[in-house]
There are 2 protein chains.
Amino acid sequence: MVPTKNPSISVDCVVFGFDGASLKVLLVKRRYRETTPAGEVIAREDFKLPGSPIYNDEDLSTSAYRVLEELTGLKQVYLKQLQVFSDPHRIDSKSLGWLNETYGFQTRRIITIAYYSLVKLNSHMVAHTSMRKAVWQDVQSIKRLALDHKQILGVALNTLNKQLVNEPIAFELLPKRFTIRQLQGLYEAILGFEIDNRNFRKNLLGSGYLEPTEEKERNVAHKPALLYTFNRHAYEKEIRKKSTLNFVNWHD
Amino acid sequence: MVPTKNPSISVDCVVFGFDGASLKVLLVKRRYRETTPAGEVIAREDFKLPGSPIYNDEDLSTSAYRVLEELTGLKQVYLKQLQVFSDPHRIDSKSLGWLNETYGFQTRRIITIAYYSLVKLNSHMVAHTSMRKAVWQDVQSIKRLALDHKQILGVALNTLNKQLVNEPIAFELLPKRFTIRQLQGLYEAILGFEIDNRNFRKNLLGSGYLEPTEEKERNVAHKPALLYTFNRHAYEKEIRKKSTLNFVNWHD
């Protein structure tokens, strides 16, 4: 049975991945038709964030997980609600026409709840998303997207930036074992500025959250560096200690 | 012209106030009819959070501000989006019947975006909300609410607790000029435990965010205490200083 889709509410997912050099976002192709002033109908295409109207038996996160699983094959994935986009004019009449035609709606308005997700962009992931015809695009190179998706991407990037310096989300984007150089590269790619190598290394290794493994990286031209893992347990213990009355005790 | 209301999307507002002794939330009465097994129709009432289906020319926050202004008379108010409640079964069939009857809908489902708001619960505010037949209820005394509003209140309370220790939101709930005793009372009422008087005073006065005025409190049985104001400027300057690479530098 085809599920009933809600014509007023959708989810859109901003899925970030890191390929070792730059921050990427997962996009899907949108095909639409445009009528020229001369009355000629032309087939066009552009890119959009993956998304879907919610099904009437789904809550929002179920819907977002469904969209992600279809594209990435992953059931367990880092996924957070970003923001609701509810501007009554967020979709122009042309795109509203596309939406109504695609889904068989007669809606005059749809609000979307944007989610963002962080995944490990390994060869397995790329194989899966390619099969679904989704592409990993360098976020810096994106000039425009369909609908209001460029705006949604902008909000997601801001949130990612803020989170990156406050929470250990970098490790969602890296392989389970990584070098300090890879970690620093990730910070620099997202924050957009260079970080002092020596301080970065000192601070992170001193934090107690990184654990050395007994392995070194392989197949590299330079001297192989030691691989580390993130100790989530140590991190969470520290957080609990810090979380009592931060505001009141701030001056200490 | 009556605005068109969206049958799939609503906003609900959790409005908190502090009366000097306990945390209050603003509620409105819901009147509904119930049919007994014998077929008799009985008029009933209960309480709910203030809310509204969104109008089709509104974005979500416009809608939430409208609900708040109608009840409190305030245009400028501390208002934050809390969470989307989208469980397909969040409203039972009886309440769905009430909703459809009240608004002339034929909806089978409505998602709500909950907002929470902090206001100064002064006599002016009470006069306005009484006129609108809204009541300020002690949050501790609330056993049940209509729809899923008890659950929404619970999420708002959790958020308020977390925010209170991390951000200077206490001052939204207090008069512009307040005593340290009032401020401590507010923290204790919301957090639900006693705070050591001497440390609280020392930490807050040492923080540089509180400024003494030249006034003392009036009409009190005890020795009148000095009134303070919150220096938001000093606070925000400090925050900006702290916000760079928190995670990376945590160990310092």
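Structure: above.
A brief look at the structure comes next.

Calculation criteria
Residues numbered from 1 in each chain as written. Chains lettered and ligands numbered in written order. Predicted model: local features only at pLDDT ≥ 70, side-chain atom pairs only at ≥ 80, totals over all residues. Heavy atoms only, no water. Helix = DSSP H or I, 4+ residues; strand = E, 2+ residues; numbered from the N terminus. Buried < 20%, exposed > 50% of the residue type's maximum accessible area, 1.4 Å probe, protein only. Contact = heavy atoms within 4.5 Å. Areas by Shrake-Rupley, 256 points an atom, 1.4 Å probe, with all protein chains shown as cover. Lys, Arg positive; Asp, Glu negative; His and termini not counted. Charge placed at Lys NZ, Arg CZ, Asp CG, Glu CD. Phe/Tyr/Trp six-rings, centres within 6.5 Å; stacked < 30°, edge-to-face > 60°. Lys NZ or Arg CZ within 6 Å of the ring centre and 35° of its normal. Salt bridge = Lys/Arg side-chain N within 4 Å of Asp/Glu carboxyl O. Expected span 1.5 Å × (residues − 1). Arc of directions from axis to C-beta. Core = buried A, V, L, I, M, F, W, Y, C linked by side-chain atoms within 4.5 Å. Polar contact = N/O pair within 3.5 Å; in protein donor to acceptor, adjacent residues only side chain to side chain. Axes fitted to C-alpha atoms, helices over the stretch in contact; angles between N-to-C directions. Left-handed = near helix turned anticlockwise from the far one by under 90°. Nonpolar A, V, L, I, M, F, W, Y, C, P; charged D, E, K, R; others polar.

**Overview of the overall build of chain A**
Here comes step 1: When you go through chain A residue by residue, the secondary structure sums to eight helices and nine strands.
Here comes step 2: Taken along the three principal axes of its C-alpha coordinates, chain A extends 65 × 50 × 35 Å.
Here comes step 3: Within chain A, buried positions represent 47% of all 252 residues.
Here comes step 4: Intrachain contacts of chain A at a sequence separation of at least 6 include 65% that bridge at least 24 residues.
Here comes step 5: On chain A, roughly 13,700 Å² of surface is accessible, and the fraction owed to carbon and sulfur atoms is 48%.
Here comes step 6: On chain A, the mean spot of the 36 positive side-chain charges and the mean spot of the 28 negative ones are 2 Å from each other.

**Thoughts on the packing of aromatic side chains**
Here comes step 1: By the definition in use, this model includes 14 aromatic pairs over all chains.
Here comes step 2: Here the aromatic rings of phenylalanine 171 of chain A and phenylalanine 230 of chain A are separated by 4.1 Å at their centres, their planes lie at 5°, and the arrangement is stacked. Of the two residues, phenylalanine 171 of chain A sits in helix α5 (residues 170-173) while phenylalanine 230 of chain A sits in strand β9 (residues 226-230), which places them 59 residues apart along the sequence. For the pair phenylalanine 171 of chain A and phenylalanine 230 of chain A, one class covers both residues: buried.
Here comes step 3: When the ring of tyrosine 187 of chain B is compared with that of phenylalanine 200 of chain B, the centres are 5.6 Å apart and the planes differ by 65°; the resulting orientation is edge-to-face. With tyrosine 187 of chain B in helix α6 (residues 180-191) and phenylalanine 200 of chain B in helix α7 (residues 197-206), this residue pair connects regions lying 13 residues apart in the sequence.
Here comes step 4: Its relative accessible area of 0% is what places tyrosine 187 of chain B among the buried residues.
Here comes step 5: Residue classification places phenylalanine 200 of chain B among the buried residues on the basis of a relative accessible area of 1%.
Here comes step 6: Through a chain of ring-to-ring contacts, the aromatic side chains of Phe171, Phe178, Tyr209, Phe230 and Tyr235 of chain A assemble into a single cluster.
Here comes step 7: Geometry around tyrosine 32 of chain A places arginine 30 of chain A over its ring, the cationic atom sitting 4.4 Å from the centre.

**Quick look at the pattern of salt bridges**
Here comes step 1: Inspection of every chain in the model, using the stated rule, returns 24 salt bridges over all chains.
Here comes step 2: A salt bridge links arginine 66 of chain B to glutamate 58 of chain B; the nearest nitrogen and oxygen atoms lie 2.5 Å apart.
Here comes step 3: Taking relative accessible area as the criterion, arginine 66 of chain B reaches 14% and is therefore assigned buried.
Here comes step 4: Measuring nitrogen to oxygen at the nearest pair gives 3.4 Å for the salt bridge that ties glutamate 172 of chain B to arginine 232 of chain B. Residue glutamate 172 of chain B is found in helix α5 (residues 170-173), and its partner arginine 232 of chain B is found in helix α8 (residues 232-242); the two are separated by 60 residues along the sequence.
Here comes step 5: Here the salt bridges share partners, and the residues they tie into one network are Lys29, Arg31 and Glu45 of chain A.

**Overview of helix α6 (residues 180-191) of chain A**
Residue and element names in this part refer to chain A.
Here comes step 1: Over its 12 residues, α6 runs 16 Å from end to end, which matches the ideal 16 Å to within 8%, given 1.5 Å per residue.
Here comes step 2: Within α6, the full set of buried residues consists of Ile180, Leu183, Gln184, Leu186, Tyr187, Ile190 and Leu191. Seen along its axis, α6 keeps its buried residues to an arc of 155°; they face one direction.
Here comes step 3: Once α6 finishes, glycine 192 follows within two positions and takes phi at roughly 80°, a positive value.

**What to know about helix α1 (residues 60-72) of chain A**
All names here are of chain A.
Here comes step 1: For α1, built from 13 residues, the straight-helix expectation of 18 Å at 1.5 Å per residue is met to within 8% by its first-to-last C-alpha distance of 18 Å.
Here comes step 2: Listing the buried residues of α1 in full gives Leu60, Ser63, Ala64, Arg66, Val67, Leu68, Leu71 and Thr72.
Here comes step 3: Just downstream of α1, glycine 73 is the residue with a positive phi angle, here 80°.

**Quick look at the nonpolar core**
Soluble globular proteins tend to bury their nonpolar side chains together.
Here comes step 1: Counting residues in hydrophobic clusters, the biggest one holds 46 residues, and the most contacted among them are Ile113 of chain A together with Ile113 of chain B.
Here comes step 2: Not counting residues up to four positions away in its chain, the partners in contact with isoleucine 113 of chain A are Ile9, Ser10, Val11, Asp12, Leu60, Gln81, Gln83 and Val84 of chain A together with Val84 and Ile111 of chain B.

**Some words on the side chain of arginine 90 of chain B**
Residues and elements named next belong to chain B.
Here comes step 1: Relative to the helices and strands, arginine 90 resides in the loop between β5 (78-85) and α2 (93-103).
Here comes step 2: Here aspartate 148 takes part through its side chain, which lies 2.8 Å from a polar atom of the side chain of arginine 90.
Here comes step 3: Setting aside chain neighbours within four positions, we find arginine 90 in contact with Asp12, Phe85, Ile110, Ile111, Thr112, Asp148 and Ile152.

**With respect to unusual backbone geometry**
Here comes step 1: Even without glycine at this site, lysine 133 of chain A takes up a positive phi of about 65°.
Here comes step 2: One can find lysine 133 of chain A in the loop between α3 (123-131) and β7 (135-138).
Here comes step 3: Of note, leucine 147 of chain B is a non-glycine position whose phi angle comes to about 50°, a positive value.
Here comes step 4: Residue classification places leucine 147 of chain B among the partly exposed residues on the basis of a relative accessible area of 23%.

**Observations concerning the environment of leucine 227 of chain B**
Residues and elements named next belong to chain B.
Here comes step 1: Relative to the helices and strands, leucine 227 is located in strand β9 (residues 226-230).
Here comes step 2: Expressed as a C-alpha distance, the spacing of leucine 227 and leucine 160, which sit 67 residues apart in the sequence, is 25 Å.
Here comes step 3: Other than its neighbours up to four places away in sequence, leucine 227 contacts Arg177, Phe178, Thr179, Glu211, Pro212, Thr213, Glu215, Lys216 and Glu217.

**Some points on the environment of valine 15 of chain A**
Residue and element names in this part refer to chain A.
Here comes step 1: With respect to the secondary-structure elements, valine 15 resides in strand β1 (residues 5-18).
Here comes step 2: As for valine 15 and serine 52, which are separated by 37 residues in sequence, their C-alpha atoms are 14 Å apart.
Here comes step 3: Every residue in contact with valine 15, bar those within four places of it in the chain, is listed here: Lys24, Val25, Leu26, Leu68, Ser117, Val119 and Trp136.

**Observations regarding the packing of helix α4 (residues 149-166) of chain B against α6 of chain B**
All names here are of chain B.
Here comes step 1: Between α4 and α6, the least distance of the axes is 10 Å, while the angle of their chain directions is 145°. Crossing of α4 over α6 shows left-handed handedness. Each of Leu160, Asn161, Leu164 and Val165 in α4 lies in contact with α6, whose residues at this interface are Tyr187, Ile190 and Leu191.
Here comes step 2: For the contact of α4 with α6, the per-class residue count stands at six nonpolar, one polar and no charged.

**Quick notes on the side chain of lysine 48 of chain A**
Here comes step 1: Structurally, the position occupied by lysine 48 of chain A is in strand β3 (residues 41-48).
Here comes step 2: When sequence neighbours within four positions are dropped, the list of residues in contact with lysine 48 of chain A reads Asp12, Leu27, Val28, Arg30, Trp98, Ala146, Leu147 and His149 of chain A.

Fair warning: the whole summary comes from geometry, so function is off the table for now.
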